[in-house]
Amino acid sequence: MSVYSRYYQIVRRVPRGRVVTYGQVAYEAGLPGRARQVGYAMAACPEDEDIPWHRVINARGEISKRGSPGSFERIQRALLEAEGVVFDERGRVDLDRFGWTP
DNA sequence: CTAGTGACTGTTT
DNA sequence: AAAACAGCCACTA
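Predicted, not measured: the structure shown is a model, and the values here were computed from it.

Below, the discussion takes up the overall build of chain A. Counting its regular elements, chain A contains 5 helices and 2 strands. Order of helices (α) and strands (β) in chain A, N terminus to C terminus: α-β-α-α-β-α-α. Its C-alpha radius of gyration of 13 Å places chain A within 12% of the 13 Å reference for a compact globule of 102 residues. Across its three principal directions, the C-alpha atoms of chain A cover 40 × 30 × 25 Å. When each of the 102 residues of chain A is scored for burial, the buried share is 36%. Counting only contacts in chain A whose residues sit at least 6 apart along the sequence, the fraction spanning at least 24 positions is 64%. Across chain A, the 16 positively charged side chains and the 13 negatively charged ones have centroids separated by 4 Å.

Here we take up the side chain of His54. Looking at the element boundaries, His54 is found in the loop between helix 3 (35–43) and strand 2 (56–57). Judged by relative accessible area, His54 falls into the buried class, the value being 10%. When residues no more than four places from it in sequence are discounted, the contact partners of His54 are Gln76, Leu79, Leu80 and Glu83.

For the rest of this paragraph, the subject is the protein's contact with DNA strand B. Taken together, Thr21, Tyr22, Gly23, Ala35, Arg36, Gly39, Met42, Trp53, Asn58, Ala59, Ser64 and Arg66 form the complete shell of residues around DNA strand B. A share of 53% of the atoms of DNA strand B within 4 Å of the protein falls on sugar and phosphate groups. A distance of 3.2 Å is found between a base nitrogen of DNA strand B and a side-chain nitrogen or oxygen belonging to Tyr22. Between DNA strand B and Arg66 there is a distance of 2.9 Å, counted from a base nitrogen to a side-chain nitrogen or oxygen. Within the residue set of the surface near DNA strand B, elements represented by two or more residues are helix 2 (22–28) and helix 3. In terms of residues, the surface near DNA strand B owes the most to one element, helix 3, which gives 4 residues. Here the residues of the surface near DNA strand B sort into 5 nonpolar, 5 polar and 2 charged.

DNA strand C sits among Ser2, Val3, Tyr4, Arg34, Arg36, Gln37, Tyr40, Arg90 and Arg92. The protein-proximal atoms of DNA strand C, defined as those within 4 Å of the protein, are 65% sugar or phosphate. Between a phosphate oxygen of DNA strand C and a side-chain N or O atom of Arg34, the distance comes to 3.0 Å. In this structure, a sugar or linking oxygen belonging to DNA strand C sits 2.3 Å away from a side-chain N or O atom of Gln37. For the surface near DNA strand C, the secondary structure elements donating two or more residues are helix 1 (3–13) and helix 3. The element best represented in the surface near DNA strand C is helix 3, accounting for 3 residues. Here the surface near DNA strand C is composed, by residue class, of 3 nonpolar, 2 polar and 4 charged.

Reading the values: rules and limits
Residues numbered from 1 in each chain as written. Chains lettered and ligands numbered in written order. Predicted model: local features only at pLDDT ≥ 70, side-chain atom pairs only at ≥ 80, totals over all residues. Heavy atoms only, no water. Helix = DSSP H or I, 4+ residues; strand = E, 2+ residues; numbered from the N terminus. Rg over C-alpha atoms; globule rule 2.2 N^0.38 Å. Buried < 20%, exposed > 50% of the residue type's maximum accessible area, 1.4 Å probe, protein only. Contact = heavy atoms within 4.5 Å. Lys, Arg positive; Asp, Glu negative; His and termini not counted. Charge placed at Lys NZ, Arg CZ, Asp CG, Glu CD. Near = heavy atom within 4 Å. Polar contact = N/O pair within 3.5 Å; in protein donor to acceptor, adjacent residues only side chain to side chain. Nonpolar A, V, L, I, M, F, W, Y, C, P; charged D, E, K, R; others polar.

Here it is, written out as structure tokens:
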């Protein structure tokens, strides 16, 4: 049982049309201050399980950038918009409205 | 065991 | 408001 599984389980609880920050996932998993590990866990996200990884964004309300391709961010944004999440012209989400609170 | 690598965050320029 | 800094630690080789 790795720490990743804990994070994945938290992410699975996020309902449609809502988003969470990396730090919040770590906090809910009982491991505050480990946002970076959450990011690393998402990078290793298993595709064969239904993990809504696209609902995890950074504390600024933006989609975190992954070094090389860049196309994944566009896909993530499309997935969120399809669930009703609204982005402003700068590509940010209003966490006060769409942020998930357990 | 050590060293390198990050989908991050809060504070400080 | 945007950028730079220093912490954070699981995982892989």
